Amino acid sequence: MINPSDLCGLGGVALTIAGTLVLMLGRLPFSRRVLLGVGTLLFVLLLLPFGDLPLAAYPRGMVGDLSISTLLLVLYALARRGGLGAPIDPARRLLALFIPVLGALMLYPLALGAAYYDPYRWGFGEPAFLGSLLVLSLLAFAARLPLVAVAISLAVLAWAAGVYESRNLWDYLLDPLLALYAFAACLRAPFARRAKAY
Amino acid sequence: MPRSHDAGAAPMRRKRSTPHAGWRALTLLLLVVAFGAGALRVWHRPPAANFLPSASDIATSAAKTDSPTSDALVSRFVSPIAGPHRHAASLVELKDGRIRAFWFSGSQEGAPDVEIRSAVFDPRRGEWSPEARVTDRFDTARGLWRYVKKLGNPVAERAADGSLRLYYVTVSLGGWAGSSITTRRSDDDGATWSAPQRLITSPFLNLSTLVKGTPFHYADDSIGLPVYHEFINKFGEILRLDRDGRLLDKQRLSVGHLALQPVVLVRDTEHAQVLMRHSDGGQNRVIGSSSDDGGRHWTRPSETSLRNPNSAVAGVVLADGTLLAVLNDIEGNRDALSLLASTDGGANWRTLRVLEDQTDRHGQELDVAAYRRRVAELARADGADASAAEAIAEAASTHMCPDARCGFEFSYPYLILTARGDVELVYTWNRSYIKHTSFPRHWLAQRLHETTDAATTKTGEAAHD
């Protein structure tokens, strides 16, 4: 019997893979109905057993559970592709993507043993860390970056509820795939000829 | 007209701003709820606690009975079955005073067929039970709902609620640098095990945490699990797990490429020593660190006087505070293994017993035939009959003679102090067997007394008896 945290982890991986494929196919002339059908079919296929395990268990074994921020970003991009949700202007989008880049640049080298100080420890319930995230969420809210405020709030809520097997808040906020995507997007932004509202 | 235009535009702005304001209000509400829930979780976070010394550790029923074990030093193989590659054994005392061992076994280290195996030693009869499988990678993958490529080091500990907790290495991606830790619980002293659970210990794809050292306890019943990392850097850490096996915190013991496989020797509620394997080859020393505030802070690691050829160390603390360590007390290779003691908190060490020593072969190339003869001699000296000695020699040469050049390896020691006060050791014997040696408390007391009289304080020189 699968436990809820494994179900959430597998569901998150399946959603991210299916959603990313739909977003890539969305660049081709497919109708929304076709894209929705392909996305739903792939999502279900990824959760069906293949041998002993669902297909999503194989990528999950390698990348682990994906952060709530990643899932929200995928869902937001899908919603925009479907004509829902408000666009974010390029400057605010860049600012929003800069936050996970900064977080990753601070967290990963130190967590991988570059120094004695390990910010990953904050994620086990350090009050100052939670307070800093509250301030960051309020600043994002005031700066009209609701996606950032919602991502942080949902991550904190999921951590408090113990949705994933991780006990560390960082794992709900950030993952290497999100950091890589944000890093690439930030690098690409200055070279974009025509900034396009997302 | 302008007035009427303005009058018409104002209601339109209100219409547009109403849903927007609604979303902003919802976002604010989410923020309040989320951080309220987060604050509750932070509020319930257990505070740091002092150490629980092993002398006052979770007692087993055996502590109350003095079993008729011998005072002589006895060694034997945990499992006599020849063939598989065996490595990384650990021990835990059961409620009835028996000892359960775990190790990994397969065609070779890191192979897909590696299993976690276990057997039980009865000190009254002086016998090991037949070995049995605990788990393999398929069983673990099904329970974790994720792909698992291979298994590695297992260690076990008795939790405050009486259950056994098994921690073992699982790899889904790459080599040992891709390791993470999986844990299982047993309420029947290892006869059956719960579904596995993954410990998430690193933010970068959960790479790469491995177990080797003996777990210890804190005064609030939480468990300290010494672990180490091997991805990019090699460093030691301590994980703190609550009584339900959930990760509460972690502490770093070293950084960079210096040290791994920490062993924590808890002397009292506030004082503990850490011994770590030096992760560079060559003529190095065991890396040490210490805490005098119940593990809240650890000193920066530094070299001890103990020699260490990049090999694992085991340690335990006796009730009187004497530290015991088993290690390859030589400058290179892993072909000698010794039991050492320190009665001054780890400042000076003296050898109590050389357990294995094949160093007279240093610099000589041993071909397969000569190696088999030597191994068979060792086996016969340990009491094996001729046919058993030949089987042991055959098994050892299978794993220790790559390219027809052979070597000896006595490595990965693991020590526990039983409730009776005896010390039990297991270690890898030529990658073919797990060897077990019991050090009865009377033997230890006598040997400590003898070596005090002839105090051979270690100052970097060999002190083999």
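If you look chain A up in an unreviewed UniProt entry, it shows as Tripartite tricarboxylate transporter TctB family protein from Rhodocyclus gracilis.

A. Representation of the nonpolar core. Grouped together as the largest cluster of nonpolar side chains are 95 residues, with contacts concentrated most on Leu169(A), Leu174(A), Tyr167(B) and Leu225(B). Take this core: its biggest share by element is seven residues, from helix H7 (residues 146-161) of chain A. Split by domain, this core shows at least three residues from each of two domains, domain 1 (1-64) and domain 2 (88-198) of chain A. With 37 residues, the next largest nonpolar core counts Phe410(B), Val423(B), Tyr427(B) and Trp429(B) among its residues.

B. Representation of the interface of chain A and chain B in the model. With 54 residues of chain A in contact, the opposing surface of chain B contributes 50 residues. In total, about 4900 Å² of surface goes out of reach between chain A and chain B, with carbon and sulfur atoms giving 65% of it. The interface formed by chain A and chain B includes five salt bridges. Ionic pairing is found between Arg146(B) and Glu165(A), a salt bridge with its closest N-O pair at 2.7 Å. Scanning the region where chain A abuts chain B turns up 18 residue pairs in polar contact (both at pLDDT 80 or more). Residue assignment for the side of chain A that touches chain B shows that the elements contributing at least two residues are helix H1 (4-25), strand S2 (53-54), helix H3 (57-63), helix H5 (90-114), helix H6 (127-142) and H7 of chain A. Among the elements that take part in the side of chain A that touches chain B, H7(A) stands out by supplying ten residues, more than any other. A per-class count over the side of chain A that touches chain B returns 35 nonpolar, eight polar and eleven charged.

C. Representation of the confidence of the model for chain A in the model. The predicted model of chain A has a mean per-residue pLDDT of 92, with 96% of residues at 70 or higher. Taken element by element, chain A is modelled with least confidence in strand S1 (residues 49-50) of chain A, mean pLDDT 86, and with most confidence in helix H8 (residues 170-173) of chain A, mean pLDDT 98.

D. Broad picture of the sheet that holds strand S2 (residues 74-77) of chain B. Residues and elements named next belong to chain B. With antiparallel pairing, four strands are arranged side by side in an open sheet as S2-S27-S26-S25. In this open sheet, the two strands that pair with only one neighbour each are S2 and strand S25 (410-417). Taking each pair of neighbouring strands and ignoring which way they run, the sheet shows an average axis angle of 20 degrees. Examined bridge by bridge, S25 and strand S26 (residues 423-429) share six bridges and lie antiparallel to one another. Its bridge partner being in S26, isoleucine 416 is matched across the sheet by glutamate 424.

E. Fine view of empty space enclosed by the protein. Counted by the stated rule, this structure contains one cavity of 30 Å³ or more. The volume enclosed by the largest cavity comes to roughly 270 Å³. Lining the largest cavity are 27 residues, with Val63(A), Gly64(A), Asp65(A), Leu205(B) and Asn206(B) positioned closest to its centre. Element by element, the count of residues in the lining of the largest cavity is highest for H3(A), at four residues. Partitioning the lining of the largest cavity into residue classes produces eleven nonpolar, nine polar and seven charged. Residues from two domains meet in the lining of the largest cavity; each of domain 1 (1-64) and domain 2 (88-198) of chain A gives at least three.

F. How the structure looks around the environment of Ser79(B). All names here are of chain B. Within the secondary structure, serine 79 sits in the loop between S2 and strand S3 (85-93). Judged by its relative accessible area of 3%, serine 79 is buried. Sequence-wise, serine 79 and serine 438 are 359 residues apart; in three dimensions their C-alpha atoms are separated by 15 Å. Those residues in contact with serine 79 that sit more than four places away from it in its chain are Arg86, Trp103, Glu131 and Tyr433. Here glutamate 131 takes part through its side chain, which lies 2.4 Å from a polar atom of the side chain of serine 79.

G. Up close: unusual backbone geometry. All names here are of chain B. Geometrically, the link from leucine 207 to serine 208 is a cis peptide bond, its omega value of -15 degrees lying close to zero. Summarising the element assignment, serine 208 is placed in the loop between strand S11 (197-199) and strand S12 (209-211). Positive phi, close to 60 degrees, is recorded for aspartate 189, a residue that is not glycine. If you check the backbone angles, asparagine 206 has positive phi at about 55 degrees while not being a glycine. Looking at the secondary structure, you find asparagine 206 in the loop between S11 and S12. A residue is classified by how much of its surface remains accessible, and asparagine 206, at 9% relative accessible area, is buried.

H. Summary view of the UniProt feature "transmembrane region" (unreviewed entry) in chain A. Those places that UniProt annotates as "transmembrane region" (unreviewed entry) correspond, in this numbering, to residues 7-28, 34-50, 62-79, 94-117, 129-160 and 172-191 of chain A. In the segment residues 62-79 of chain A, helix accounts for 78% and strand for 0%; the C-alpha atoms at its two ends are 28 Å apart.

I. Summary view of the pairing of strand S15 (residues 235-241) of chain B. All names here are of chain B. Burial of S15 is extensive: seven of the seven residues sit out of reach of the surface. Burial of the side chains of S15 extends over both faces: Phe235, Glu237, Leu239 and Leu241 are buried on one face and Gly236, Ile238 and Arg240 on the other. Where strand S14 (residues 223-229) and S15 come together, seven bridges link them in antiparallel fashion. Each bridged residue has a counterpart across the sheet, and for tyrosine 228 the counterpart in S15 is glycine 236. Linkage of S14 to S15, two consecutive antiparallel strands, is achieved through a turn of five residues, within which isoleucine 232 is found at a positive phi near 65 degrees. As paired elements, S15 and strand S16 (residues 247-252) share five bridges and run antiparallel to each other. Bridged to leucine 239 within S16 is lysine 250.

J. Here's a closer look at the side chain of Ser208(B). All names here are of chain B. A relative accessible area of 0% means that serine 208 is categorised as buried. Looking at serine 208, its side chain comes within polar contact range of the main-chain nitrogen of glutamate 230, at 3.0 Å. Apart from the residues within four sequence positions on either side, serine 208 is in contact with Trp176, Ala177, Gly178, Ser179, Tyr228, His229, Glu230 and Phe231.

K. Local environment of the packing of helix H4 (residues 68-81) of chain A against H7(A). All names here are of chain A. Packing of H4 against H7 brings their axes to within 9 Å, and their N-to-C directions diverge by 135 degrees. Considering their axes alone, H4 and H7 lie oblique with respect to each other. Judged by the sense of rotation from one axis to the other, the crossing of H4 with H7 is right-handed. Residues Ile68, Ser69, Leu72, Leu73 and Tyr76 of H4 touch H7, and the partners they reach there are Leu147, Val150, Ala151, Leu154, Ala155 and Ala158. Looking at the contact of H4 with H7, its residues break down into ten nonpolar, one polar and no charged.

L. Highlighting the pattern of salt bridges. Tallying each qualifying case throughout the model produces 37 salt bridges over all chains. When the shortest N-O distance is used, the salt bridge between Arg252(B) and Asp118(A) registers 3.2 Å. Of this pair, Arg252(B) sits in strand S16 while Asp118(A) sits in the loop between H5 and H6, placing the two residues on different chains. Of the two residues examined, Arg252(B) and Asp118(A), each falls in the buried class. Each of Asp6(A), Arg60(A), Asp65(A), Glu165(A) and Arg146(B) takes part in a single network of salt bridges with overlapping partners.

About the criteria used
Residues numbered from 1 in each chain as written. Chains lettered and ligands numbered in written order. Predicted model: local features only at pLDDT ≥ 70, side-chain atom pairs only at ≥ 80, totals over all residues. Heavy atoms only, no water. Core = buried A, V, L, I, M, F, W, Y, C linked by side-chain atoms within 4.5 Å. Buried < 20%, exposed > 50% of the residue type's maximum accessible area, 1.4 Å probe, protein only. Helix = DSSP H or I, 4+ residues; strand = E, 2+ residues; numbered from the N terminus. Domains from an automatic or database assignment. Contact = heavy atoms within 4.5 Å. Buried area = accessible area lost by both parts, 1.4 Å probe. Salt bridge = Lys/Arg side-chain N within 4 Å of Asp/Glu carboxyl O. Polar contact = N/O pair within 3.5 Å; in protein donor to acceptor, adjacent residues only side chain to side chain. Nonpolar A, V, L, I, M, F, W, Y, C, P; charged D, E, K, R; others polar. pLDDT = per-residue confidence, 0-100. Pairing = 2+ DSSP bridges. Axes fitted to C-alpha atoms, helices over the stretch in contact; angles between N-to-C directions. 1 Å grid on protein atoms, 1.4 Å probe; cavity = no way out; pocket = protein on both sides within 12 Å on 5 of 7 lines; lining within 4 Å. Points joined across faces, edges and corners; volume = space filled by probe spheres on them. UniProt positions renumbered as here; feature names shortened; annotations may be inferred. Parallel < 35°, antiparallel > 145°, perpendicular 65-115°, else oblique. Left-handed = near helix turned anticlockwise from the far one by under 90°.

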